[in-house]
Structures are given as structure tokens and as C-alpha cells.
Amino acid sequence: MSRDDPVKGRIAALVGNPNAGKSALFNALTGARQKIANYPGVTVERKAGRLLLPGGDPVELIDLPGSYSFDAASPDEEVTRKVVHGEFEGEATPDVIVLVLDAANLEQHLVFAQEVLELGRPTVVALNMIDLAERDGLTLDAEALSQALGVPVVPTVAVRRKGLAELAAAIAEAERHADEEAHKRWHITLPERRLAAKHMARGAILSKSARHTVENGIDRVLLNPWIGPVILFGLLFVIFQAVFAWATPFADALEGGVGAISGLVTDTLAPGFIRDFLTEGVLAGVGSVVVFLPQIVILFFFILVMEASGYMARAAFLMDRLMAGVGLSGKSFIPLLSSFACAIPGIMATRSIPDAKDRLTTILVAPLMTCSARLPVYAVIIAAVIPETTVGPGVGLQGLVLFALYIAGIVGAMAVALALRNSVAKGAASGFIMEMPRYQLPRVKDLAIGLWQRAWVFLRRAGTIIFVVTIALWLMLSFPKAEPGESQMDASVAGMIADGLHPVLEPIGFNREMSLALVPAMAAREVAVSALATTYAVDAEDEDLAAEGVTDRIAELWSLPTALAFLAWFVFAPQCISTIAVARRETNGWKWPAFMVGYLFALAYVFAGLTFWIATALGL
């Protein structure tokens, strides 16, 4: 495809180091006019959008993966190199390169800038995040930098839409000269290039304050190899205490609301299919999941604050030593950290890992990170069987158990990674480069948007996947109808499925209801809660029992060893079907996803059994 193709038109490509703000600039320039897909033949995301230039002429804007060099060290960087050099089959060579530089890290970003400028192609520099640079006491002379580089330099603040009109005008001007040899080439070695970059940066920076000294002082504490990990794990401990302590009144209010609605439906509608559908299926099932929205919001509040403040990157740096001990690098930490929200983006984030075996190992252990979908399962079981007591000043036993479950997932992932790196994915750990973002106070608006997006994702799952699976289970539990004196569970289709699974799971302490709940939980982990709630509601002998919440029913019917075994199962069990599908796409086949599912089921069975047998032996 040629760049003169009248269908495709002209193309501009955003390039730059990671964390330069390319994606924010891309979103600001293109708005909703975006298309996201994978590049043909590789699992690297292609983001393209339509940018309207002054005068109304459109140009296709491509957001290329962040790169430190054209000497590609990862699939992401290889795609960037090929696209920029016009070597990617089916992808037109960009007419204009928009080089995005972080204004506060100019000296570092200019190293890659020299490689880009050596191409001699029409280039515009977006000096992004200029506001943060000025906040740090840096006064930048864009004109001086433009003269040094020989290309237009436009100061921008993507998140506040500053400088966008000027940048679009500069792109339009460069696009008009796309076929001209307008730029000087540099034929110098890498050390000379770095020296030139430093000289240019110093010429463009007029002053600098003591803020960097303060930040360096903070980093000396937070990144200390002994103090830093203590602070990190202390923060995580506080987070999980807050998930229970702060969420309890809101969760109780939601549970009360669901109960009130269920009572209203029972009083209003005559006994029959519709009333049972609403009370046993929708309210008892889906409602039992929705009540855990406060825990989800609180967990993500802390995660978003850590990301926005700049602390998350420091946590990755601290974890590099632990990662190296199991054959991985700090590069794996960010995908694994993303998996605490959901393993799907976590697995997709492994594309930035240059070493193939590092990347494979990270994909295979990502499901062991405790995703947010497990939180409702943990919360309902812990609330049912763990006393709401304190074990020290401000330390609740329930939060402590939740923290232990998350730590168990992390330890399990590290142990499995060590085993894989010494067997099927054998190889030495690779190093990694990480740019430490500047500390900043999170913006309330950004936090609010982030929390709303995550709450909406949770509620949308409750209204789609969880709703459909729960109603399907309710139908299987409700038909055929039981004969007088016969349990509805025994007579139903779902009961027959449970009878088939129970002999396999009974040795590790599972009852029939738990065995049945594992099947729909493969669609979404939260469905385990709605499945239990629906099962107990349908099988209740009277309406009073049916109106009880799933937490109360578990507290009445489950022993502590049984409940602990169920928790242990969910620490290790495979993720939802969507995660397995993404793993297949990222590994280009079913071999490794099948291996992943197999070893996770084996771990889940073994550790659930060990937990049940040990707890029983101890008389718990």
C-alpha cells in the first residue's frame, strides 16, 4: 500500500519513549475517531485515529508502541522500528513523524530522538507535559531546542488540551513537505549522540529548582532495599484492612436494599414462575454480587492513587530483586500488577517484555495474581466464617485473612515462575530499564473518572455475564420440579451435574453446592457467589430461609475447614474462559493455555485438599 493511496490518505505516526504521554496526546488529538486492532501477524495493538488538520484535511494518526531505541528489544519496539522504517508489510510508511518528548526528562528522551532525526524524515516534536516540567522548576526554551534539533518544537499539555492547535498546524506544514529532503542527517556513534543530547538539553533548560533534590530524598527512603519493601507491604496491609473496614457500612446498606426489594416482590407478586425468577434468580443471585461494589471501589481507589502519584513504578523497582530471584525481571512486575485488576490486560501487557521465555513465564503465572473478580468470593466466605474481631490496634482479623490470601497468590506465582524458569521456560533473567515518573498529587477528577469506569465495568459484568449465567443456573436448578418430599436440588438438572462432580471434590471437603458453583464460575469468578446464593434460595424449605443472604446460609451450613478449602481453591484455580482465550492469542496456540489450565487445576485441588485436611486435623 503506498502512502499516496487515496483511500488511506496521509499518515502521521506518534513515536517516543514509554511514559512520554503519547497515548494521552493521541486521545486528545483524535477524540472518539479511533480504531483499535492488532497488527497483522503479531499480538501488538495498533491504535489509529483520524486527526483533522487546519482547513479540515484529515490525516491518519498512528500511536506506535513506546521505544527506547530502534535496536528492538521487544515485540513492541520491533513493530515501531518496522513501521517507521517502512518495513512492515501492509502498513504504509508514515509521511510525518510526531516525536513526543517528556519535557521534564528531556536529556534522556533526546537519546532516542537522535535516532528518529537521523532518518531525515519530516518530523515535528511535541514537547509534552510542559506544565509538570515547569512545576519542577524547569524553564524550557522551545525555540532554542527547535534550532538545536532542526525541526519544529511545540510545547503541549495533552491532558489539558494545550498546544494541540499549534501541533496540528505544525503537522500540516510538515505534511505539505513530506516528499522533500528537509532534514539533516547525523552520522555519529551512540556515545557522540548521547553527548549531543546532553548539550541540546542544557541549552534548552534555563533554570532548575531544588524539587528534584526533595524527590531524590524521598526515593532514598522508598527505594531503600530494606526499608522500601517494608513500606510497600505495610501499604498493602492497610489497603486490605480498608477493603473490609471502610466498605462494611456501604455493603450492609446495599444488602439491606436488595433484601427490601426482594421482600417487596414477595409481598406484591403471587407465588409462581415470575416471582421465583425475580427473588431466587435475579435478586438472590445477581444481587449477592452487586453488594460487593464498595469493596471493588475501595481497592481500585488505592491502586489509582498509587499509579497517579508515581509510587507504582517505585513498587516495580522494589520487586525487581524478588523477580530476579525466580528468574524474571522487573519488566514482569507491571503485567503481574495489572493482573490484580484483571488477568486479561495483565497478559496483554507482557508484549513489552523482550525475552520470549520471560514473557511466556509471566503469561503462565499471571492468573495466580488475585484479580478483582475473586474479591466477592473472598469477601462473602470471610464474612461468613471469620469472626469480625481485632487482633491488634486497628488490625481486623477479616482484613488479615484477606491480606494472607493475596500474599498466597503472590508466593504461589513466584514459586511457579521459579519452577518454570528451571524447566519448560529455562533461561537467565533479563535486565530492564525503568523510568521513574515524577511524584505528583492525583487529580480528583481523574480519580473520579477512573473509579467510575471500574465500577461501571463491574456493574456491566453483573448485568451481562453474571446475569445470564445466574439465570441459566436458576433454570437448571428449578426444573424438573421436585416431587412432594423431594429436595429441589436433588430433582433438578443442576443437581445431576453436582452429583457427577461431587465424588471428585468431596475428598477435599467440598459439598454439592460448592461443586456446582465451580462450573458457572469459569465464566466469571464472581458467579461463584451468585451460584451459591441462587442454589440456596431455590433449595430453601421455606420463604424465610430463601430470604436469608448467602453469607448467613454459608455461616449456618459450612464448617471452617470446608470454607478455608474453598478459599484455597480460588487462590489457585484457573481464571475465566476469557483469560484462557487471551492466553491462546498471545501464545499463538492452545499448547500453553492447556498447560496453564492443567497446572492451575492441579494446584487448586492439592492446596484445597491440604487446607481441608490440616484444618480438620487441627480441630478447627
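Since the structure is predicted, the reported quantities are computational estimates derived from the model, not experimental observations. (Residues numbered from 1 in each chain as written. Predicted model: local features only at pLDDT ≥ 70, side-chain atom pairs only at ≥ 80, totals over all residues. Heavy atoms only, no water.)

Caption draft 1: Examining the nonpolar core more closely. Grouped together as the largest cluster of nonpolar side chains are 115 residues, with contacts concentrated most on F510, F566 and W569. The element contributing the most residues to this core is helix α18 (residues 397-421), with eleven residues. Those residues within four positions of F566 in sequence are excluded, and the remaining contacts are V377, I381, F510, M514, L518, L532 and W558. (Core = buried A, V, L, I, M, F, W, Y, C linked by side-chain atoms within 4.5 Å. Buried < 20%, exposed > 50% of the residue type's maximum accessible area, 1.4 Å probe, protein only. Helix = DSSP H or I, 4+ residues; strand = E, 2+ residues; numbered from the N terminus. Contact = heavy atoms within 4.5 Å.)

Caption draft 2: Representation of the pattern of salt bridges in the model. The full count for this structure, using the stated rule, is 18 salt bridges. For the salt bridge of R314 with D219, the shortest nitrogen-to-oxygen distance reads 3.1 Å. Pair noted here: R314 is in helix α13 (residues 311-325) and D219 is in helix α8 (residues 211-222), with a separation of 95 residues, a long-range link. Here the two residues R314 and D219 agree in accessibility, since each one is buried. For E556, the salt bridge identified is with R553, shortest N-O distance 3.4 Å. Separated by three residues within a single helix, E556 and R553 lie in helix α26 (residues 550-557), roughly one turn from each other. The exposure class of E556 is partly exposed, given its relative accessible area of 44%. Beyond isolated ion pairs, a larger network of salt bridges with shared partners links E78, R81, K82 and E87. (Salt bridge = Lys/Arg side-chain N within 4 Å of Asp/Glu carboxyl O.)

Caption draft 3: Structural context of a nonpolar patch on the surface. A cluster of nonpolar side chains, namely V606, F607, L610, W613, I614, L618 and L620, defines an oily patch on the protein surface of about 680 Å² accessible area. For L610, the position within the fold is in helix α29 (residues 591-617). (Patch = residues over 30% accessible without salt bridge, like charges linked within 9 Å, V, L, I, M, F, W, Y side chains within 5 Å. Areas by Shrake-Rupley, 256 points an atom, 1.4 Å probe, with all protein chains shown as cover.)

Caption draft 4: Representation of the packing of helix α9 (residues 227-245) against helix α12 (residues 293-309) within the structure. Packing of α9 against α12 leaves a shortest axis separation of 9 Å and a crossing angle of 155°. The angle between the axes of α9 and α12 places the two elements in the roughly antiparallel class. The chirality of how α9 crosses α12 is right-handed. Of α12, the residues touching α9 (which contributes L235, I239, F240, A242 and V243) are Q295, I298, L299, F302 and M306. (Axes fitted to C-alpha atoms, helices over the stretch in contact; angles between N-to-C directions. Parallel < 35°, antiparallel > 145°, perpendicular 65-115°, else oblique. Left-handed = near helix turned anticlockwise from the far one by under 90°.)

Caption draft 5: Region of interest: the environment of V157. Summarising the element assignment, V157 is placed in the loop between β7 (153-155) and α6 (164-176). Measuring from C-alpha to C-alpha, the distance between V157 and I130 comes to 6.1 Å, with 27 residues separating the pair along the chain.

Caption draft 6: Quick peek at the packing of helix α24 (residues 527-539) against α26. Contact geometry of α24 with α26 gives a least axis separation of 9 Å together with a crossing angle of 75°. One finds that α24 runs roughly perpendicular with respect to α26. Only V550, R553, I554 and L557 of α26 make contact with α24, whose side of the interface consists of V529, L532, A533 and Y536. Considered class by class, the residues forming the contact of α24 with α26 number seven nonpolar, no polar and one charged. (Nonpolar A, V, L, I, M, F, W, Y, C, P; charged D, E, K, R; others polar.)

Caption draft 7: Quick look at the environment of V380. You can see V380 is positioned in helix α17 (residues 375-385). The class for V380 is buried, based on a relative accessible area of 1%. Remark: the alpha-carbon pair of V380 and S288, spanning 92 residues in sequence, is separated by 9.0 Å. Ignoring sequence-local partners within four residues, the contact set of V380 consists of F292, V529, V550 and T551.

Caption draft 8: Quick peek at the side chain of R121. Here R121 lies in the loop between α3 (106-117) and β6 (123-128). Despite its burial, R121 pairs with no opposite charge, the nearest such side chain being D95 at 7.5 Å. Within polar-contact distance, the side chain of R121 engages the backbone oxygen of V84 at 2.8 Å. (Lys, Arg positive; Asp, Glu negative; His and termini not counted. Polar contact = N/O pair within 3.5 Å; in protein donor to acceptor, adjacent residues only side chain to side chain.)

Caption draft 9: Up close: the state of the cysteines. Overall, the coordinates contain zero disulfides when judged by the stated rule. In this structure C371 is a free cysteine whose sulfur lies 6.4 Å from that of C342, the closest cysteine sulfur available. We note that C576 lacks a disulfide partner, and the nearest cysteine sulfur, in C342, lies 6.0 Å from it. (Disulfide = S-S within 2.5 Å.)

Caption draft 10: Highlighting α9. Given a rise of 1.5 Å per residue, 19 residues ought to cover 27 Å, and the 27 Å separating the end C-alpha atoms of α9 matches this to within 8%. Within the sequence span of α9, burial applies to G228, L232, I239, F240, Q241, A242, V243 and F244. (Expected span 1.5 Å × (residues − 1).)

Caption draft 11: Representation of helix α16 (residues 356-365) within the structure. Extensive coverage of α16 is indicated by the burial of eight of its ten residues. Along α16, the residues that are buried comprise D358, R359, L360, T361, T362, I363, L364 and V365. Where α16 is buried, its residues touch α14 (333-338), α15 (343-348), α18, α28 (577-587) and α29. Sitting at the amino-terminal end of α16 is D355, which places a side-chain oxygen 3.1 Å from the backbone nitrogen of K357.

Caption draft 12: Layout of the packing of aromatic side chains. Tallied over the full model, the rule gives 19 aromatic pairs. Between F301 and F302 the ring centres are 5.6 Å apart and the planes differ by 75°, which places this aromatic pair in the edge-to-face class. A relative accessible area of 31% places F301 in the partly exposed class. Accessibility expressed as a relative area gives 13% for F302, which makes it buried. On the basis of an interplanar angle of 80° and a centroid distance of 5.3 Å, the ring pair of W558 and F566 is categorised as edge-to-face. For the pair formed by W558 and F566, the shared burial category is buried. Site record: aromatic cluster; members linked through ring pairs are F510, W558, F566, W569, F570 and F601. Just above the ring of Y439 sits the side chain of R314; from NZ or CZ to the centre is 4.0 Å. Directly above the ring of F479 sits K481, whose terminal nitrogen or CZ lies 5.2 Å from the centroid. (Phe/Tyr/Trp six-rings, centres within 6.5 Å; stacked < 30°, edge-to-face > 60°. Lys NZ or Arg CZ within 6 Å of the ring centre and 35° of its normal.)

Caption draft 13: Local environment of the pairing of β6. Counting buried positions along β6 gives six out of six residues, so the element sits mostly inside the fold. Here β6 shows no split at all, with T123, V125 and L127 on one side and V124, A126 and N128 on the other all buried. Inspection of the sheet shows strand β5 (residues 96-102) paired to β6 by six bridges, in the parallel sense. When the bridges of β6 are listed, V98 appears paired with V124. As for the winding sense of the linkage, the β-α-β connection from β5 through α3 to β6 is right-handed. Across three bridges, the pairing between β6 and β7 is parallel. Across the sheet, the residue bridging to L127 is P155, located in β7. (Pairing = 2+ DSSP bridges. Right-handed = clockwise from strand over helix to strand, strands pointing away.)

Caption draft 14: A look at a negative patch on the surface. Side chains of D252, E255, E388 and D552 sit close together on the surface and give a patch of like negative charge. Following the sequence through the fold, D552 ends up in helix α26. (Charge placed at Lys NZ, Arg CZ, Asp CG, Glu CD.)

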